[in-house]
Amino acid sequence: MPDTPPRLQDYVLLGRSGLRVSRLCLGTMTFGTEWGWGSAESAAREMFDRYLDAGGNFVDTADGYTGGSSETLVGKFIRDRGNRNRVVLATKFTFAAEPGNPNSGGNGRKNIHRALEGSLRRLQTDYVDLYWLHAWDGLTPVEEVLSTLDALVRAGKIRAVGFSDVPAWYLARAQTIAEFRGWEPICALQLEYSLVERNIEREHVPAALALGMGICPWSPLASGMLSGKYRRDRSLEGQGRLGAIQQSANPGFLKLFTERNWQIVDALVSVAKEVGRSPAQVALAWVARRPGVASTIIGATKPSQLDDNLAALSFELPEPLRKKLDEVTRPETVHPYHFFEPEMQQMITGGTQVSLR
Ligand SMILES: NC(=O)c1ccc[n+]([C@@H]2O[C@H](COP(=O)([O-])OP(=O)(O)OC[C@H]3O[C@@H](n4cnc5c(N)ncnc54)[C@H](OP(=O)(O)O)[C@@H]3O)[C@@H](O)[C@H]2O)c1
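Let me sum up the structure you'll find in this document.

## Re the sheet that holds strand β9 (residues 214-218)
Logical step 1: The strand order across the open sheet formed by eight strands is β9-β8-β7-β6-β5-β4-β3-β10, and the pairing between neighbours is parallel. A strand with exactly one partner marks an edge of an open sheet, and here the two such strands are β9 and β10 (296-298). When strand polarity is set aside, the average angle formed by the axes of neighbouring strands in this sheet is 30°.
Logical step 2: Sheet analysis places strand β8 (residues 186-192) next to β9, joined by five bridges and oriented parallel. Across the sheet, A188 pairs through a bridge with G214, a residue of β9.
Logical step 3: Each of β3 (24-27) and β4 (58-60) is contacted by helix α1 (residues 41-53), which is oriented at about 165° to β3, the strand it contacts most.

So, in structure tokens, the structure goes:
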């Protein structure tokens, strides 16, 4: 734990790169109303301005968010403030832009170039600071992905490379190849991470720590569930994103409302009361200080939510309360991970204490 609480003006290096980013990144998947649960331009602009005014410098979007509107709005806001150089602008490629055209999506060279040209146009810039592979496509040879991204860095069109939503084995293989071939390394890893979704702790967190990547958690409030505003005994009707997508068979929604997750919300709400903070601030404070986390991607649909979330780094969670949240949210230990627990390690070291340093 740091002695003084980190603020938005306190920057960290993103993984083993020279890129300086704030500890909270502004997610802009909610910029634009096309998906039925985002914000109109005026609210989006207000949130963008408030984030930058609070000292934030890291903005996350994607080519496909709200059908391209998110990038268009972000591009406009940056142009109007005239501060392109101050913003660490991150966007993504992978999802198909054209039904029936297999080369309009995926991680092959043809699509990466197509996607980047579109993003640069919408963002009104000639370079992206951090270019994310949005999701593993399970198909493209890793050498093609890496050599394409390396060439884009050398051409000055992108400044750094990140991977999102990939298997850990693929990430480790990619980084090892990049190191050996002298290609641009992957400096960041974007995955879902929150009090209700801790599965990345098994493989991805140790991989990121060992391979020099900063983790950027997405949906740190589980799409709003960890704001504490949803209740077991109340209808979701008319209640934010989760109310809007409840009929959509969205897998992200279906996995959320389990008894285990309601118990987590109960514990979170009680901890929030004890520290006199909102549940959203406590949930963000918890994830932002997990090992390997560089910058947490926050989302909001209203400026008041953003203000709430921006205060998440201005307090420390007392150790007993942090432990309480750790305990209630601990992921199940499945095979082969029980071999790496302290009890089994004692059998490996013959009962002695051996540490790395
Ligand atoms: N790489 C990927 O695959 C991936 C996937 C998803 C997201 N992302 C990135 O991560 C960012 C954040 O994701 P997310 O929007 O899902 O984050 P989130 O923090 O889990 O959810 C944000 C939503 O929760 C509600 N909310 C936020 N703060 C609140 C508060 N203080 N009080 C009450 N309600 C609050 C708002 O929705 P309502 O007002 O509608 O309730 C808001 O839009 C995205 O913008 C995007 O940049 C990446």
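## Describing the site of the ligand
Logical step 1: Inspection of the region around the ligand gives 31 residues, with D60, D165, S219, K229 and T301 positioned closest.
Logical step 2: At a separation of 3.4 Å, a nitrogen atom of the ligand approaches a polar side-chain atom of Y65.
Logical step 3: Contact distances for the ligand include 3.0 Å between an oxygen atom and a backbone N or O atom of L221.
Logical step 4: If the ligand stood free it would expose 910 Å²; the protein chains cover 94% of that surface.
Logical step 5: In a pocket analysis with a 2 Å cut-off to the grid points, the ligand is assigned to the largest pocket.
Logical step 6: At the level of elements, α7 (240-244) and α11 (303-310) are the ones that each hand at least two residues to the shell around the ligand.
Logical step 7: When residues of the shell around the ligand are assigned to their parent elements, the largest contribution, three residues, is made by α11.

## Comments concerning the packing of helix α3 (residues 109-123) against helix α4 (residues 142-154)
Angle between the axes and distance between the axes are the two parameters that describe a pair of packed helices.
Logical step 1: Their axes nearest at 9 Å, the elements α3 and α4 cross at an angle of 35°. Taken as a pair, α3 and α4 cross one another with a handedness that is right-handed. Note on element contacts: α4 touches α3 through E144, V145, S147, T148, L149 and L152, opposite R109, I112, H113 and L116.
Logical step 2: The residue makeup of the contact of α3 with α4, split by class, is five nonpolar, three polar and two charged.

Conventions used here
Residues numbered from 1 in each chain as written. Predicted model: local features only at pLDDT ≥ 70, side-chain atom pairs only at ≥ 80, totals over all residues. Heavy atoms only, no water. Pairing = 2+ DSSP bridges. Helix = DSSP H or I, 4+ residues; strand = E, 2+ residues; numbered from the N terminus. Axes fitted to C-alpha atoms, helices over the stretch in contact; angles between N-to-C directions. Contact = heavy atoms within 4.5 Å. Near = heavy atom within 4 Å. Polar contact = N/O pair within 3.5 Å; in protein donor to acceptor, adjacent residues only side chain to side chain. Areas by Shrake-Rupley, 256 points an atom, 1.4 Å probe, with all protein chains shown as cover. 1 Å grid on protein atoms, 1.4 Å probe; cavity = no way out; pocket = protein on both sides within 12 Å on 5 of 7 lines; lining within 4 Å. Sits in = over half its atoms within 2 Å of the grid points. Left-handed = near helix turned anticlockwise from the far one by under 90°. Nonpolar A, V, L, I, M, F, W, Y, C, P; charged D, E, K, R; others polar.

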